[in-house]
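These are the residues of each chain, in order.
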Amino acid sequence: MTEDNFEPIDADALLVTFILNETVFGIDTNDIQEVVRVGKITPVHHAPVCVVGIRNLRGRIVTVIDLKCRLEMGSVEENFESRIIIVEWQGEPIGLLVDRMADTVVADPEAITPPPANMNVARSRNLRGIHRCGERIVAILDLNAIMMSDQQISQTSTWSSEAA
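Residue numbers restart at each chain and count upward from 1, following the sequence in its written direction. For a predicted model such as this one, the threshold for reporting local features is a pLDDT of at least 70, and the threshold for listing and counting side-chain atom pairs is 80 or more; totals across whole chains, interfaces and linings nevertheless cover every residue. Hydrogen atoms and water are omitted, and side-chain values are computed over all heavy atoms in the structure.

(A) Focus on the sheet that holds strand β3 (residues 32–37). Read from one edge of the open sheet, five strands run β3-β6-β7-β5-β4, paired in mixed fashion. Looking along the sheet, the strands with just one partner apiece sit at the ends: β3 and β4 (51–57). Neighbour-to-neighbour, the strand axes of this sheet turn through a mean angle of 30°, independent of strand direction. Any two strands with at least two DSSP bridges between them are considered paired. Helix and strand labels come from DSSP, where a helix needs a run of H or I of at least four residues and a strand needs a run of E of at least two; each type is numbered from the N terminus. With five bridges joining them, β3 and strand β6 (residues 83–89) adopt antiparallel strand pairing. Along β6, the bridge assignment pairs Val-36 with Ile-84. Fitting a line to C-alpha atoms yields each axis, with helices limited to the stretch in contact; the angle taken between N-to-C directions then spans 0 to 180 degrees.

Written out as structure tokens, the structure is:
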């Protein structure tokens, strides 16, 4: 992403932040339905490598994606701090598995800049920007870019239907 195609965040946007490795990421709260504990995840055969499996969430089948894997940062090692961020993509619930949750941050548009040019390409193409608040830096994820960068993920409803 360059400054020419940088899309600013809306004023007063609220970001839910979470940790992958020791990097702080954020997603606009408007894109999030809820955050849940990991629970029982059922593996799905022949799914893309970043798809951990499916989870029943109050009668809804949710495809769970390892967000670390998606961003080419390794894999989430599930523990008591791991969480699943539930979003909706193309009418289907999708869970994003993360190491741990942090807090919420009000996005100050004046403090958001494009990702640095020297950032890992796999990460920078999935970012809306970098939010600086004091000493803290939050990488703001672009949910559309994350979900569209691998067309196989958009086929999750097929796996969910077959496995249900």
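Right, picking up where we left off after that structure.
(B) Main features of the sheet that holds strand β8 (residues 100–107). Pairing in this open sheet of six strands is mixed, and the strands run β8-β1-β2-β11-β10-β9 from one edge to the other. The sheet is open, and its two borders are formed by β8 and β9 (112–113), each paired with just one other strand. Summarising the sheet, strand β1 (residues 13–20) and β8 pair through six bridges and their orientation is antiparallel. Paired with Ile-19 across the strands is Arg-100, a residue of β8.

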